[in-house]
Amino acid sequence: MANIGNEPHIETHPSETTPLLHPTCTPNRDVESLRPPRNNIDDVLIPSTYETDDTPYKDYASIDWLHDLVKDNTRHGIRDAKVRRANNTWVRIAKAWDSASGWVAAFIVGLLTACVAFVVDISVETVADWKDGYCTSNIWRNRRACCSGAGDCTAWKPWSTNFPSAYLIYVAFALLFGLIAAGVTTTTKMRLPPVVDFGVAHHKDKTGSTQSKVVEQPQGKLMYMAAGSGIPEIKTILCGFVIPQYLTFKVLAVKAIGATFAVATGMCLGKEGPFVHISTCVGYLVAKHIPKFAENQRKMREMLSVACSAGLSVAFGAPIGGVLFSYEEISTYFPRRVLWRSFLCSLVAAATLKALDPTGTGKLVLFETNYGVDYDVLHYFVFIFLGICGGVFGGVFCSTNFLWSKTFRKQSWIKNSPVLEVCIVVLVTAVLQYPNPLIRDTGDIIMERLLVDCNDIKEDWICEQEAKSAGKGLYYAWLISGTFIKLVLTIITFGCKVPSGIIIPALDAGALFGRMVGQLIPDISPGIFAMVGSAAFLAGVSRMTVSLAVIMFELTGEVNFIPPFMVAILTAKWVADYITPDGVYDLSQHIMGHPFLDSEQAVVKLRALRDGEESLELDVLLPPRRVMEQITLQTGPNSQVMISDLRTKLDDLSSGGMFDIGLVIVNEQGICTGYVPESSITPLLHLIRQQELEGRNCVSFAGDMFEKLIDRSPLNISTKAPLEYAVEMFGKLGLSHLVVVDDDTAKVVGMIGKKRLLSFLGRLK
């Protein structure tokens, strides 16, 4: 977004029309003169002239998928023409590399993601074990590695054998790790640049004298780039919006380090969501070195969709589930070539992680089980019951976490001190979890223990408790209290300013509840119901279906239990949707103000309003006439326009904060002949400067020099078209703008932007 300000001698008015010819021209005008002098107190900083503009998405630029498709097709045409003209070996090699570069990038992304995941997995287990003790042979080894191959481990030494002392040390280490995690996360604090590009504006009062006034300059949206799971932000990016600096190497490194210490605290969060963000960062860093991805936002988002699959693949050792997760939960645009490359990327990531073997088991399946028993038809009623409970858990979690974020986190002392909030949550978590031996460890260890087969009584403490013929009351109390503690702690934890995911905490809560239910079912392993319960609870929270069923059988290796998984997942989704229609990621997008267009849900909203006999016309999205005059540029014969007039229009866009709307080009009859999107404004300014240096005072948009900057055939819609048409066009075609024309004359009467449509839909109930 260029910095453009109004020059002192240029006076504009909202009703001013662009003349065909301008009496004066300044060919030697310096480009720097267009930049506002920020330190001049006589300059006027004004907000958007679009007074009715209350869209909450002013910090996000949007891309146009259709326009980028045309650009990519043009690039292919030029490439093929070079091959036909040159017809030599090097040109053919270049064409072959261009075709294969996407596959090579997918392979590299999978490889690098697995390497990062290996380091994080090893680090998390080592750091988490430091809360309990250390390895005398090598302090950098975790308990599993320290005690490998030893029946009675003597190399591992706890800090204290006294419960109060061990309790205190555990809490102290947890606070230390939480402080580190929050501290590194706050280094990614950033304000998104606002769409309003404040420049210099001089206005005349009624007497005709020029007066200046300094208006407070609003700041962009504040974000902690490495906080949270990253999935809501990635969904926004893949929907076609831009979040600057979100996929940089710094964010990747901070996410990995922060996730290591955040998970090690024992808080109710996981590293699976951050892995998706990390893999997307890897995908971006690799793809930006390949020109066809770096120069085309549509192609770049295809590679980001590919990279997302590797994140979940390494998180759970679920390569197929990773592909389906990217398709079902994250990606908006998922063509067949993306599916194939995602398959390769996820495969490479899983195979590489298996070879690196961070768990020391040599297996890809993370929570492998082998219960050796089958389920009966009557057990389906138990699975349905677990699904109902999972749906209730998910609905309660989503609604209460949303309320918690809207109330407690809006308090100034919490909002301005994210590290303090993390420390409070860590303290509460450590104090509540340590006394309960079932939830004392990190989430993945808890899950592994709760799915234990219990073929041997001494296999785990859980098996010893369940083998008792009497005196199980305390064990039942641990299971029941553990479920509710997980619910409460997950509610207050998700959304803290540390890297955190929701998948493992939901699985833990479901496994605790399922294991408790399994105690009441005779002649079958309770671990089966812990496994199905975990799927039900995660489905209630995330609303995943197909991908979750595949992830669960890849996670446990229990292919025979796919029908119970499916029954519990569907039931949980139906119940959770009844309580609250949005899943955790959709609500997170709403809480953080990230734009996302779900055309199916939008059409449902519009249909509900029409059933209520409310009139919904397309003109509710049109800007006022004065705004249309500011964003419309009229050209003369042969699409010619004076450079000074073009500068005036660009200045109006800047001072009015309407860069995201763009510039509509019309001919003398008012027919649209082109559109200048926000991304082309800065290159257009450089082109204007070149023309001025050559002594020209007018340009023609019909020339080849504007071919890459101007969309010569923007899609339009009639004023009499239903509003649903606009929603479907934005959603299915990935448009960033839509020109509205009169049904009889085809003249331009309005302009609809994607963010304005989202703002309107967000106000519908």
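For the structure itself, consult the block above.
Residues numbered from 1 in each chain as written. Predicted model: local features only at pLDDT ≥ 70, side-chain atom pairs only at ≥ 80, totals over all residues. Heavy atoms only, no water.

K.L.:
Teacher, can you tell me more about a nonpolar patch on the surface here?
P.N.:
On the surface, a nonpolar cluster with roughly 550 Å² of combined accessible area is contributed by W413, L420, I424, L427, V428, V431 and L432. Relative to the helices and strands, L420 resides in helix α14 (residues 418–433). Assessed through its relative accessible area of 39%, L420 is described here as partly exposed. (Patch = residues over 30% accessible without salt bridge, like charges linked within 9 Å, V, L, I, M, F, W, Y side chains within 5 Å. Areas by Shrake-Rupley, 256 points an atom, 1.4 Å probe, with all protein chains shown as cover. Salt bridge = Lys/Arg side-chain N within 4 Å of Asp/Glu carboxyl O. Helix = DSSP H or I, 4+ residues; strand = E, 2+ residues; numbered from the N terminus. Buried < 20%, exposed > 50% of the residue type's maximum accessible area, 1.4 Å probe, protein only.)

K.L.:
Got a minute to help me understand the side chain of T580 in this structure?
P.N.:
Along the chain, T580 falls in the loop between α21 (562–579) and α22 (584–592). Setting aside anything within four residues of it in sequence, one finds T580 in contact with G395, C398, R543 and L587. (Contact = heavy atoms within 4.5 Å.)

K.L.:
I tried to follow the layout of surface pockets on my own but got confused; where do I start?
P.N.:
The gaps of empty space that remain are located by a probe, the size of a water molecule, rolled over the atoms. Approximately 1200 Å³ is the volume attributed to the second largest pocket. Mapped by element, the contributors of at least two residues to the lining of the second largest pocket are α2 (89–129), α3 (143–146), α7 (272–287), α9 (297–316), α11 (336–356) and α15 (443–450). At 6 residues, the largest contribution of residues to the lining of the second largest pocket is made by α2. When residues of the lining of the second largest pocket are assigned to domains, at least three fall in each of domain 1 (91–140 + 157–198 + 219–356) and domain 2 (378–596). (1 Å grid on protein atoms, 1.4 Å probe; cavity = no way out; pocket = protein on both sides within 12 Å on 5 of 7 lines; lining within 4 Å. Points joined across faces, edges and corners; volume = space filled by probe spheres on them. Domains from an automatic or database assignment.)

K.L.:
Just checking my understanding: could you explain the state of the cysteines for this structure?
P.N.:
Covalently bonding the sulfur atom of one cysteine to the sulfur atom of another cysteine gives a disulfide. A complete count under the given rule lists 2 disulfides for this structure. Across the disulfide, C135 is cross-linked to C146 (sulfur-sulfur distance 2.2 Å). Since a negative S-S torsion denotes a left-handed disulfide, the C135-C146 link at about 80 degrees is right-handed. You can see C135 sitting in strand β2 (residues 133–135) and its partner C146 sitting in helix α3, a full 11 residues away along the chain. (Disulfide = S-S within 2.5 Å.)

K.L.:
Which parts of the structure should I look at to understand the nonpolar core?
P.N.:
Core analysis: the largest hydrophobic core is formed by 169 residues, its most contacted members being F316, F397, V498 and L507. Sequence-distant contacts of F316, defined by excluding residues within four places in its chain, comprise E272, L364, L366, I503, I504, L507, I551 and L555. M628, L684, V699 and V748 belong to the second largest nonpolar core, which has 30 residues in total. (Core = buried A, V, L, I, M, F, W, Y, C linked by side-chain atoms within 4.5 Å.)

K.L.:
Even after reading the chapter, I still don't get the environment of N667, so can you show me in this structure?
P.N.:
Within the secondary structure, N667 is located in the loop between β11 (663–666) and β12 (672–676). Residue N667 is classed as buried on the basis of its relative accessible area, which comes to 19%. Separated by 27 residues in sequence, N667 and Q640 have C-alpha atoms that sit 9.4 Å apart. Apart from residues lying up to four places away in sequence, N667 is in contact with Q634, T635 and T673.

K.L.:
Looking at this structure, how should I read the sheet that holds strand β16 (residues 748–753)?
P.N.:
Two modes of strand pairing occur in sheets, parallel and antiparallel, and in both the strands are linked by backbone hydrogen bonds. Read across the sheet, 3 strands follow the order β14-β15-β16 without closing on themselves; strand pairing throughout is mixed. The outermost strands of the open sheet, each flanked by one partner alone, are β14 (716–718) and β16. On average, each strand axis in the sheet is tilted by 30 degrees relative to the strand beside it, whichever way the strands run. Pairing geometry for strand β15 (residues 737–741) and β16, over 5 bridges, is antiparallel. Across the sheet, the residue bridging to V741 is V748, located in β16. (Pairing = 2+ DSSP bridges. Axes fitted to C-alpha atoms, helices over the stretch in contact; angles between N-to-C directions.)

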